[in-house]
Amino acid sequence: GQATYEFTDRFSVTGGLRWNEQKKTYKNAASGKWDKILWKAALQYDLSDRTMSYLSASTGYRPGGINLAPGVNLDWDPETLTAYELGLKTQLADDRVRLNLAAFYNDFKDVQSQSFLVMPYPGSPEATEYTGNGGSADAKGIEAEIQWRPTSKWNIASQLTYTDASFGNYTAPKLAGLGDIPGHTEGDTLSYNGWRPALTPEWVLGLQTSYVFQLSQYGTLTPYLQLSYVSDYYANDINLAGVQQGSYSQTDFRLIWMEPNGHFQLQFYYMNGEDEAVLNWARVYNPAARPDITTLQGNWGNPNTYGILFNYTF
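Residues numbered from 1 in each chain as written. Predicted model: local features only at pLDDT ≥ 70, side-chain atom pairs only at ≥ 80, totals over all residues. Heavy atoms only, no water.

Here we look at the overall build of the protein
Of the regular secondary structure elements, the protein holds zero helices and 22 strands. The C-alpha radius of gyration computed for the protein amounts to 25 Å, which surpasses the reference 20 Å derived for 314 residues by more than 25%, pointing to a less compact arrangement than a globule. In terms of overall dimensions, the protein has a C-alpha envelope of 75 × 55 × 45 Å along the principal axes. Counting over 314 residues, the protein shows a buried share of 33%. (Helix = DSSP H or I, 4+ residues; strand = E, 2+ residues; numbered from the N terminus. Rg over C-alpha atoms; globule rule 2.2 N^0.38 Å. Buried < 20%, exposed > 50% of the residue type's maximum accessible area, 1.4 Å probe, protein only.)

Quick look at unusual backbone geometry
It is generally the case that most residues other than glycine have a negative phi and that most peptide bonds are trans. Not every positive phi belongs to a glycine, and Asp 94 is a case in point at roughly 55°. Position of Asp 94 among the secondary structure elements: in the loop between strand 7 (79-92) and strand 8 (97-120). A relative accessible area of 72% places Asp 94 in the exposed class. The phi dihedral of Leu 199 is positive, around 60°, even though this residue is not glycine. Along the chain, Leu 199 turns up in the loop between strand 12 (189-191) and strand 13 (203-211). The exposure class assigned to Leu 199 is partly exposed, which follows from its relative accessible area of 43%.

Looking at the pattern of salt bridges
This structure, assessed with the given rule, holds nine salt bridges. Residue Asp 94 is joined to Arg 96 by a salt bridge in which the shortest nitrogen-to-oxygen separation is 3.9 Å. For Arg 96, a relative accessible area of 37% puts it in the partly exposed group. A salt bridge links Lys 109 to Asp 107, with the shortest nitrogen-to-oxygen separation between them at 3.8 Å. (Salt bridge = Lys/Arg side-chain N within 4 Å of Asp/Glu carboxyl O.)

Remarks on the nonpolar core
Counting residues in each nonpolar core, the largest one holds 21 residues, and the members touching the most others are Leu 178, Leu 190, Tyr 192, Trp 195, Ile 238, Leu 240 and Val 284. Those elements that provide at least two residues to this core are strand 8, strand 10 (154-173) and strand 20 (279-285). The biggest single contributor to this core is strand 20, with four residues. Discounting chain neighbours no more than four positions away, the residues touching Ile 238 are Leu 175, Leu 178, Leu 190, Tyr 192, Trp 195, Val 243 and Val 284. (Core = buried A, V, L, I, M, F, W, Y, C linked by side-chain atoms within 4.5 Å. Contact = heavy atoms within 4.5 Å.)

Observations concerning a nonpolar patch on the surface
Taken together, Leu 255, Leu 266, Phe 268, Tyr 270, Tyr 306, Ile 308 and Phe 310 make up a surface patch of nonpolar side chains, about 680 Å² in accessible area. One can find Leu 255 in strand 18 (residues 248-258). Residue Leu 255 is classed as partly exposed on the basis of its relative accessible area, which comes to 30%. (Patch = residues over 30% accessible without salt bridge, like charges linked within 9 Å, V, L, I, M, F, W, Y side chains within 5 Å. Areas by Shrake-Rupley, 256 points an atom, 1.4 Å probe, with all protein chains shown as cover.)

Some details on the packing of aromatic side chains
For the structure on display, the rule yields 15 aromatic pairs. Pairing Tyr 162 with Trp 203 gives two aromatic rings, centres 4.8 Å apart and planes at 50°, and the pair type is tilted. Of this pair, Tyr 162 sits in strand 10 while Trp 203 sits in strand 13, placing them 41 residues apart in sequence. When its relative accessible area of 36% is taken as the criterion, Trp 203 is described as partly exposed. Measuring from centroid to centroid gives 5.7 Å for Phe 167 and Tyr 192, while their planes differ by 85°, and the two rings are edge-to-face. Separated by 25 residues along the polypeptide, Phe 167 in strand 10 and Tyr 192 in the loop between strand 12 and strand 13 bring together distant segments of the chain. A single burial state applies to Phe 167 and to Tyr 192, both of which are buried. Site record: aromatic cluster; members linked through ring pairs are Phe 167, Tyr 170, Tyr 192 and Trp 195. (Phe/Tyr/Trp six-rings, centres within 6.5 Å; stacked < 30°, edge-to-face > 60°.)

So, the environment of Phe 310
Counting through the fold element by element, Phe 310 comes out in strand 22 (residues 305-312). Each C-alpha atom of the pair Phe 310 and Ser 216 lies 21 Å from the other, and the pair is 94 residues apart in sequence. Each residue touching Phe 310, except ones within four places of it in the same chain, is listed here: Phe 264, Gln 265 and Leu 266.

Re the environment of Gly 219
Here Gly 219 lies in the loop between strand 14 (213-214) and strand 15 (220-230). For Gly 219, a relative accessible area of 5% puts it in the buried group. Beyond its immediate chain neighbours, meaning those up to four positions away, Gly 219 contacts Phe 213, Gln 214, Met 258, Glu 259 and Pro 260.

Structure representation (structure tokens):
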């Protein structure tokens with residue numbers, strides 16, 4: 001449930017509560033149940049008919065689960081989040097310009113972490129994955145978005161995000177093949193303190209522009225150009241050099257033809273013009289055959305790709 005009370009025409013307060021419950025039952029009859037009461041509180045003040053400011057706080061959670069691997073904790077706890085945001089939303093220049101600004105702080109507790117266990121079976125060993133709760137993490141930053149429509153045919157937009165994210169008191173079982181990492185290896189555990197969570201670049205910048213050409217009775221033709229820049233990041237919570245993605249820029253282009261009735265669309269696309277090899281995800285684990293070494297497994301984005309799309313709307 002959620003309710004909003006307006007003190008004046010410009011000032012209002014919002015509060016909400018949500019109850020969640022999730023149950024899991026596995027084939028071996030292991031089961032678990034997790035529930036959480038979440039809340040939200042927000043203040044909104046309209047500086048004008050075209051400018052709104054707000055301050056909000058809310059909570060969220062990721063349910064726990066059951067481990068099927070032997071010799072580890074039977075289950076893991078929910079991961080919780082408390083999020084704070086301060087922002088401004090505006091419509092300017094007779095609604096031709098939209099400018100949104102926000103500052104955020106996210107506080108994570110009991111972050112769920114994946115670890116690996118090598119179990120010897122007759123014939124060959126087998127590695128299995130299990131989940132635990134590593135500890136805490138936080139992320140703070142700013143977001144800015146601007147959209148400009150100088151005419152009904154032009155659309156120009158840009159987004160900028162800055163994120164400062166790191167783990168706090170966060171530990172997980174040490175992988176044998178990692179060796180000693182100064183400041184992070186502590187006996188049989190690995191401390192993530194100070195490392196950045198996976199897939200959290202410090203800077204992300206995007207720019208898009210398009211223009212609609214009217215072709216009279218032949219419909220419309222719209223060229224669309226998108227430019228993006230992403231600073232370096234790690235594709236795994238364990239910040240090894242082998243899973244680090246360097247900063248990169250990427251150019252995508254589309255040429256879209258729409259027939260006059262709007263049912264049929266023909267689109268030519270040309271993606272990743274720089275042919276950048278972008279690491280989207282990486283796994284750091286001990287392989288079954290060699291539990292004394294660490295293996296990196298990665299997933300990469302598409303290279304330079306082009307093609308044609310046909311769409312028909314009934």
